[in-house]
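Examination of the molecular architecture
Residue strings, one per chain:
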Amino acid sequence: KIFQAVVSCIGSDGTIYIIPKSFETALNKLMVEIQNTFKGLGLLIPYCWKKGEACVVRGSDTVWYRAKIVEVSGSTLQVQYIDHGYIESIPQCHLYPTTFYTGIPPFCIPCQLYKTLPIGNFWQQDAVDYLQELLKNEEVEIHVEELPDNPWDKLSISLYFGGMSLSSFMAYQKYCVTEDCQDIQKLGVCEGDLSPSYLLQPLPVPGEIFPVTVTHLVSPKELYICLDSSGNLTKCSATKRAASCDSESLNKALKWCNKIVKTLPHLTNFRKELPCLAEYVDGLWYRAKLLSITQLVPVQILVQFVDYGTYLVAPTSRLRHIPCHLLKYPVQAVRVLLAGFRPASDDKNVERIPYSPEWSLKALWTMMDCVEGKHLSASILTVSPEVTISLYGDDKNLVHLKLIEMGLAELDE
């Protein structure tokens, strides 16, 4: 059985409490019913609480939750929120005994990692803290490996986040050992001698019109596009649906990588085209590839972000090894040339693009205005020797017509 779930909490003993996504609607409905039934304060008169007794508890967020008594200690009781897993000490005045809702099983499931042994035979506090920071309130994929003999005991699972096995990742971090080490290599960082490379994005067939987003302009004629996954995909080709699915899965995987990036080693191999993770100016890490060393002291590397086409000169401290599972997603940005126009022979603008002096800077800014934030569509004309397209604006006209009107380009038959 494989299903999606949200991790509600990590117990002090390393128990992972999960709420299956399929339970969320029923849980929300029950929570509304509880709020309508219980209002105001808890039980204010003396009451003899017993361990294991069912109750509702008013949390610090003033919301009522189902709970059970774990331990009785004077005026304070230790309770467990049975639909979320966490344990808390609560004054008696915030509890109310009830037999309501006891016929509904708890919505959260206590789990343990399958064939995974923590160092020292129990999860150390730093490992529990790390699991809590990594997983709490995050959506993960659960693979049920073994059912418990007692239905109240822990479910043995394999847990995957962003395509990575949690058991393998914790073993990689030296928090535990796992019998199932098949994912350790997949989790491992890609070394230079493996010659890893990115997969290329499959393109729609020539002549088909498809929505795109421009992610980077090199010149008015050379740019990077992504297949636009924000539109209605029900009538789209299989290529575009696959691209949309890849993009969503990649974004989830990168979100997880940003959470664990400090555990990934810095680059020591600077081979050209080597895939890596690079930190952008927004402080987030993205997939990239090395292009060249631009400075030796201190070392500065020119990298290209493969899912956008943009470039950055970065110190080695902002480059990390890339987990191998991130290589299974095709690069999202495709380099293309626009057909139908060329630089104007009589463009008198003095300021030119330094690396492409046949174009004026004004032509570049004008093209940027034509494509930035616009709903664009494209049609492929040729794929060899280079991908050449016609690019249309949200008015369905060719985007380069604006440059021709302004005298910044001319038609190229």
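In what follows, the structure referred to is the one given above.
Here's a quick rundown of the structure. Model, not experiment: these values are computed from the prediction. Along each chain, residue indices are assigned from 1 in the same order as the chain's sequence is written. Local features in this predicted model are restricted to residues whose pLDDT is 70 or higher, and side-chain atom pairs enter the listing and the counts only when it is 80 or higher, whereas totals over whole chains, interfaces and linings include all residues. Only hydrogens and water are removed before side-chain values are computed, so all heavy atoms of the structure are retained for them.

Okay, the overall build of the protein chain next. Labels follow the DSSP assignment, with helices taken as runs of H or I lasting at least four residues and strands as runs of E lasting at least two, numbered in each case from the N terminus. Tallying secondary structure elements over the protein chain gives seven helices and 27 strands in all. Computed over its C-alpha atoms, the radius of gyration of the protein chain comes to 28 Å, more than 25% above the 22 Å expected for a compact globule of 413 residues. Along the first, second and third principal axes, the C-alpha atoms of the protein chain reach 95 × 50 × 35 Å. Whether two residues are in contact is decided by their heavy atoms: any pair within 4.5 Å suffices. A fraction of 61% describes how many contacts in the protein chain between residues 6 or more apart in sequence connect residues 24 or more apart. Here Asp and Glu are counted as negative and Lys and Arg as positive; His is not counted, and neither are the chain ends. To locate a charge, take atom NZ for lysine, CZ for arginine, CG for aspartate or CD for glutamate. Taking the 37 positively charged and 45 negatively charged side chains of the protein chain as two groups, their mean positions are separated by 2 Å. Put simply, the radius of gyration uses C-alpha atoms, and a globule should come to 2.2 Å times the residue count raised to 0.38.

This paragraph deals with the sheet that holds strand 17 (residues 285–295). Reading across the sheet, the five strands line up as 19-18-17-16-20 and stay open at both edges, with antiparallel pairing between neighbours. Looking at the sheet topology across the chains shown, the edges are occupied by strand 19 (311–315) and strand 20 (319–320). Pairing between strands requires that DSSP locate at least two bridges from one strand to the other. Here two bridges tie strand 16 (residues 275–279) to strand 20, and the two strands are oriented antiparallel to one another. Looking at strand 20, one finds that Ala 278 is bridged to Leu 319.

Now for the pattern of salt bridges. When the charged atoms of two side chains lie near each other, side chains of opposite charge can form a pair. Any Lys or Arg side-chain nitrogen found within 4 Å of a carboxyl oxygen on Asp or Glu counts as a salt bridge. Tallied over the full model, the rule gives 14 salt bridges. In this structure, the salt-bridge partner of Glu 222 is Arg 335, at a minimum N-O distance of 2.9 Å. Of this pair, Glu 222 sits in strand 15 (residues 222–227) while Arg 335 sits in strand 21 (residues 334–338), and the two are 113 residues apart along the sequence. Its relative accessible area of 31% is what places Arg 335 among the partly exposed residues. Remark: exposure states derive from per-residue accessible area (1.4 Å probe, protein chains only) relative to the maximum for the residue type, with buried under 20%, exposed over 50%, and partly exposed in between.

Shape descriptors only; they carry no functional weight alone.
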